[in-house]
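Here is what each chain is made of, one letter per residue.
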Amino acid sequence: MPSGPFLNLTILSWLGFVVVALPHYKLGMYIAWPAAILSVGLLVFLLIPGVPTFLVEPVNGARAWIKFPLLNLQPSEPAKIAYVLFMALYLRRRDPPETLLALIPPGLLTLIPVGLITVQPDLGTASLFVPSLFGMLVTAGARLRYLALVVVMAALAAPIAWPFLLPHQKARFEALVQQVQGDRSREHGATDRGAAGHESAATQRREHGHGSEPTDAPRDGGRGVRPRLHGASGIPTRYRDRS
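Residues numbered from 1 in each chain as written. Predicted model: local features only at pLDDT ≥ 70, side-chain atom pairs only at ≥ 80, totals over all residues. Heavy atoms only, no water.

**Considerations on the overall build of the protein chain**
Looking only at helices and strands, the protein chain has eight helices and two strands in total. Ordered by position from the N terminus, the helices and strands of the protein chain form the series α-α-β-β-α-α-α-α-α-α. When each of the 243 residues of the protein chain is scored for burial, the buried share is 23%. (Helix = DSSP H or I, 4+ residues; strand = E, 2+ residues; numbered from the N terminus. Buried < 20%, exposed > 50% of the residue type's maximum accessible area, 1.4 Å probe, protein only.)

Listed below in C-alpha cells is the structure:
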C-alpha cells in the first residue's frame, strides 16, 4: 500500500484527471476570458516593485513565484493553459487567418504574456508560447507559407535584439555555440588534435632534453584550455532564465 509523498501525489493526480475529464469541453469558452485576465494580473503582480518578500522572493534571479501558506505558485504555468483557452476562443470567433495581416493580432496578443514572463526573467517558459501559437494558427487554417515567412523574418531580425539581451542571456547563446562547435570538432578533428598534442609534447621534451618531462605539456590531447561551463548541460547556471 503506497504511503507518504507517493500517496499524496497519486491522490492529487487522480483528482487532476477528474477535474480535466468530467467538465464539458465547452466550459473552456466561458472560463477563457477570466482565466486570461487572472493570469495576466498575476504576472503583473510579480513585477510590482515593493511587494513584500514573504509573497514574492526572487529564485535564481527570477521573480517567478508567489508564496502561499500551503504552496508556492508559479503564475507562468497556469498562464500557459489560460493562453491556449483564450487564443482558441479568439481564433474560433474569427475567420481563418489566411492572410499575412491576419497573423498580426494573434501575435500581438501573444506578446503580452511572453513579455511579462521574459522580464522576470524566464526566457525558457516565455519561448514555449510561440510554438503553441503556431500550432493553433495551423489548426485555424493559417497558410504555411505565411508562417514560414514569419519565421524567416524573425530569424533575420534576431541580430537586432542582441544589444538588448542581458549579459547572462548572451552567455547562454555563446555557451550553446561553444557546445555545438565542440561537438563538431570532436566528430571531425579528434584524431588531428591528438596527433598535434603528442607532437607538441615531443617538441617540449626535445627542448628540455631527452627523458625530461615537459612542464607545460597539454593534458587534453592538444585541445588547449577552454572556458569552463557550469551545469550538467554546459550552460551557465547563474541567472539562467529558469529554463
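**Structural notes on the nonpolar core**
In this structure, L43, Y83, M87, L91, F129 and L137 are the most contacted members of the largest nonpolar core, which totals 21 residues. Of all elements in the fold, only α2 (27–47), α3 (76–92), α4 (104–118) and α6 (129–140) reach the threshold of two or more residues within this core. Element by element, the count of residues in this core is highest for α3, at five residues. Other than its neighbours up to four places away in sequence, F129 contacts A79, K80, Y83, T110, P113, V114 and I117. (Core = buried A, V, L, I, M, F, W, Y, C linked by side-chain atoms within 4.5 Å. Contact = heavy atoms within 4.5 Å.)

**Observations concerning the side chain of Q120**
Looking at the element boundaries, Q120 is found in the loop between α4 and α5 (123–127). Ignoring anything within four residues of it in the chain, the contact list for Q120 reads L43, L46, L47, G61, A62, R63 and A64.

**Some details on a positive patch on the surface**
On the surface, K26, R92, R93 and R94 cluster together into a patch of positive charge. Of note, R93 is situated in the loop between α3 and α4. Classification of R93 by relative accessible area gives exposed; the value is 54%. (Patch = residues over 30% accessible without salt bridge, like charges linked within 9 Å, V, L, I, M, F, W, Y side chains within 5 Å. Areas by Shrake-Rupley, 256 points an atom, 1.4 Å probe, with all protein chains shown as cover. Salt bridge = Lys/Arg side-chain N within 4 Å of Asp/Glu carboxyl O. Lys, Arg positive; Asp, Glu negative; His and termini not counted. Charge placed at Lys NZ, Arg CZ, Asp CG, Glu CD.)

**So, the layout of surface pockets**
Space inside the largest pocket adds up to approximately 1,200 Å³. If you trace the largest pocket, you find 34 residues lining it, with L111, V114, V130, V150 and A154 closest to the centre. Here the residues of the lining of the largest pocket are counted per class, giving 29 nonpolar, five polar and no charged. (1 Å grid on protein atoms, 1.4 Å probe; cavity = no way out; pocket = protein on both sides within 12 Å on 5 of 7 lines; lining within 4 Å. Points joined across faces, edges and corners; volume = space filled by probe spheres on them. Nonpolar A, V, L, I, M, F, W, Y, C, P; charged D, E, K, R; others polar.)

**A closer look at α3**
The terminal C-alpha atoms of α3, which comprises 17 residues, lie 24 Å apart, in line with the 24 Å expected from a rise of 1.5 Å per residue. Among all positions of α3, only S76, A79, A82, Y83, F86, M87, L89, Y90 and L91 are buried. Against α2, α4, α5 and α6 lie the buried residues of α3. (Expected span 1.5 Å × (residues − 1).)

**Thoughts on the confidence of the model for the protein chain**
The predicted model of the protein chain averages 75 in pLDDT, with 73% of residues at 70 or higher. The low-confidence segment residues 185–191, where pLDDT is below 50, has three contacts with residues more than four positions distant or belonging to other chains. (pLDDT = per-residue confidence, 0-100.)

**Some words on a nonpolar patch on the surface**
Taken together, L9, I11, L12 and L15 make up a surface patch of nonpolar side chains, about 410 Å² in accessible area. Take L12: it is sitting in helix α1 (residues 5–21).

**Let's talk about the packing of aromatic side chains**
In total, this model carries three aromatic pairs according to the counting rule given. Taking the centre distance of 4.9 Å and the plane angle of 90 degrees together, the rings of W33 and F86 count as edge-to-face. Of the two residues, W33 sits in helix α2 while F86 sits in helix α3, which places them 53 residues apart along the sequence. Taking the relative accessible area as the measure of exposure, W33 reaches 48% and is therefore partly exposed. (Phe/Tyr/Trp six-rings, centres within 6.5 Å; stacked < 30°, edge-to-face > 60°.)

**Quick word on the packing of α4 against α6**
The description of two helices packed together rests on the angle between their axes and the distance between the axes. Two elements in contact, α4 and α6, have axes whose closest approach is 10 Å; the angle formed by their N-to-C orientations is 160 degrees. The angle between α4 and α6 falls in the class roughly antiparallel. Between α4 and α6 lies a crossing whose hand is right-handed. Touching P106, G107, T110, P113, V114 and I117 of α4 are F129, L133 and L137, all from α6. (Axes fitted to C-alpha atoms, helices over the stretch in contact; angles between N-to-C directions. Parallel < 35°, antiparallel > 145°, perpendicular 65-115°, else oblique. Left-handed = near helix turned anticlockwise from the far one by under 90°.)

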